[in-house]
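A structural walkthrough
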Amino acid sequence: MRPWILLGLAFGGWLQGASAAYVVSNAMSGLVYSNLAAAVTASAQNDRLVMIGDEILAATLVVSNRILTIDSDGSVRTIRGSTNCVYDMILVTGTNATLTLGAPGGSDTAPTLIIDGGRNAGVSNLYDMFYLDLGWLNIQPGVVLRNLASVDTGAVNNNAGVIEMVGGRIENNTAAYGAGIFNNTGDTRLQGGSITGNTANVGGGVYNQAVVLYEGFIVGYGGKLDMTGGRIAGNQASAAGGGIYNMGALELSGGRVERNTAGAGGGVLHFNGTTYGMVLKGSAVIASNTASTGSGIYYNNDANTWLSLAEGGRVDPENDVWLATTSMPVMLAAPLTGKGGAARITPPLYSTNLYVLGTQAAGDQWMVSNYYGKFTVTPSGVPGENWYVGTDGRLSHVDPAGIPPSITAVTVTTGTVEMGVVPAYVAWDGVVERATQVVSRGWNFQALPTNAYTVIDGRVVLVPDQAIGVFRMRRE
């Protein structure tokens, strides 16, 4: 890893290129410069520097306690690293430092600002492209960070700063750790764009450390990886965490983690989090990843943290959630929305009554009986031995799908009818039907429109003023 003492480097004595051609224009002052270092030094707060040509950096570019934007003039412009850059291509340092790459309205399909690590030009001494020392990096659509061959971390190394990726592409970089992003003790917010085709030993797409280490032990926590949109796709880790390697706080509420590859944790590997777990919710999807263990998620709660599912978050059936210990059921943090499966669970051992699905609060146990049918179990490999998640969240040989759905207790209050459902989960993956009369010696059951009822805590609640009839449940 990068020696921390290097954060105290003195910044000065920049090497200037021999060419006098102008490559940068300050959109605020109208002045032009032959290199970015001169343009940054002369800039004022909130200036916008526009690349009007290409540049090979003559030294590490430093943005210190300044708010700047670097954009292109609409043509494809490239800023490339060189062997003269020490450790980083660009250093963003100071609590008041914010660097924005590109501008709203850019296109990720037709990018115009390219940050190139110089791998194809033989540059192999860099530790990263961007190093954030308390600084803020904002990446807009139309920006590409590519071709870094790092000796340490990936395209962006975040040390107690903030990465905000609204759009853009981080692609085709190699590093030992987190080839796309290495989030050390800071916040990384992925709202759009893509992290694709990156390769590392650990954390092909993103390495979310977000912890303070001392002699290999976690002594503190700081920061989070928060993904609300975009894609982490097609990345590779030779050891663990093809898409994401996670040691800290991780919340996926949107976007897709797909087609990543690793030895363990093809999509995500969570390990050693003593305070924070992983949350999968909203519209987030983990799909089509590959690994020897935990193709979707490899989850190790060796310190009693939880993998929590809520809303529409899901791991597509061809991927699994591999649980590393017997003390770690998948936790339902809120009702699950939508139809279809939520995840396929691979237990640490196959044993009747092993707890694999639960809730964090005892009063929320209704969610297990409501949604257990959205979870399947990876076959054990023993011929004729079938496993299921039971209505109580424990492993069972009994297929709950064989339990006929029925309506149990009916409660009538002023203008409202509530019906208990057994098994409860069919209220979400089934249809409520009502009959009002006998036709041809049978009830004329018709499906109720979905706006005629809601499902609350495992109960079907009819909208007031519904016609009286005979009700039943039917699986779709």
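Source: prediction; values computed, not measured.

Here the focus is the environment of A233. Inspection of the secondary structure assignment puts A233 in strand β26 (residues 231-233). Residue class for A233 comes out buried when judged on its relative accessible area of 1%. Through-space distance from the C-alpha of A233 to that of V398 is 37 Å; in sequence the pair is 165 residues apart. The residues touching A233, leaving out its near neighbours within four places in the chain, are I195, T196, G197, E258, R259 and N260.

Under the counting rule described, the total for this entry stands at seven aromatic pairs. A ring pair is formed by F182 and Y207, whose centres lie 5.0 Å apart and whose planes are at 45 degrees; its orientation type is tilted. Here F182, found in strand β18 (residues 181-183), pairs with Y207, found in strand β22 (residues 206-208); they are 25 residues apart in sequence, far enough to count as distant. For F182, a relative accessible area of 2% gives the class buried. Taking the centre distance of 4.8 Å and the plane angle of 40 degrees together, the rings of Y207 and Y245 count as tilted. Here the residue Y207 occupies a position in strand β22, and Y245 occupies one in strand β28 (residues 244-246), the gap between them amounting to 38 residues. Just as Y207 is buried, Y245 falls in that class too. Taking NZ or CZ as reference, R472 lies 3.9 Å from the ring centre of F445, over its face.

If the charged atoms of two oppositely charged side chains come close together, the side chains can form a pair. According to the stated counting rule, one finds 11 salt bridges in the structure shown. Close ionic contact of E251 with K281 constitutes a salt bridge, the shortest N to O distance being 3.3 Å. Taken together, the residues E251 in strand β29 (residues 249-252) and K281 in the loop between β33 (278-280) and β34 (285-287) connect sequence positions 30 residues apart. You can call E251 buried: its relative accessible area is 16%. One salt bridge in this structure joins R314 and D316, with 2.7 Å as the shortest N-O distance. We classify R314 as partly exposed; its relative accessible area is 30%. Given the relative accessible area of 15%, D316 is considered buried. Because the salt bridges share partners, they merge into one network encompassing K224, E251 and K281.

Moving on, we come to unusual backbone geometry. For Y87, which is not a glycine, the phi torsion comes out positive at approximately 70 degrees. Topologically, Y87 is positioned in the loop between β7 (77-80) and β8 (88-93). Phi is positive for E311, close to 55 degrees, though the residue is something other than glycine. For E311, a relative accessible area of 34% corresponds to the partly exposed category.

Quick look at the confidence of the model for the protein chain now. When pLDDT is low, close inspection of the predicted coordinates is not appropriate. For the protein chain, the mean per-residue pLDDT works out to 89, and 91% of the residues sit at or above 70. Across residues 3-19, confidence stays below pLDDT 50; counting only partners more than four residues off in sequence or on other chains, it has 22 contacts.

Each value, and the rule that gives it
Residues numbered from 1 in each chain as written. Predicted model: local features only at pLDDT ≥ 70, side-chain atom pairs only at ≥ 80, totals over all residues. Heavy atoms only, no water. Helix = DSSP H or I, 4+ residues; strand = E, 2+ residues; numbered from the N terminus. Buried < 20%, exposed > 50% of the residue type's maximum accessible area, 1.4 Å probe, protein only. Contact = heavy atoms within 4.5 Å. Phe/Tyr/Trp six-rings, centres within 6.5 Å; stacked < 30°, edge-to-face > 60°. Lys NZ or Arg CZ within 6 Å of the ring centre and 35° of its normal. Salt bridge = Lys/Arg side-chain N within 4 Å of Asp/Glu carboxyl O. pLDDT = per-residue confidence, 0-100.

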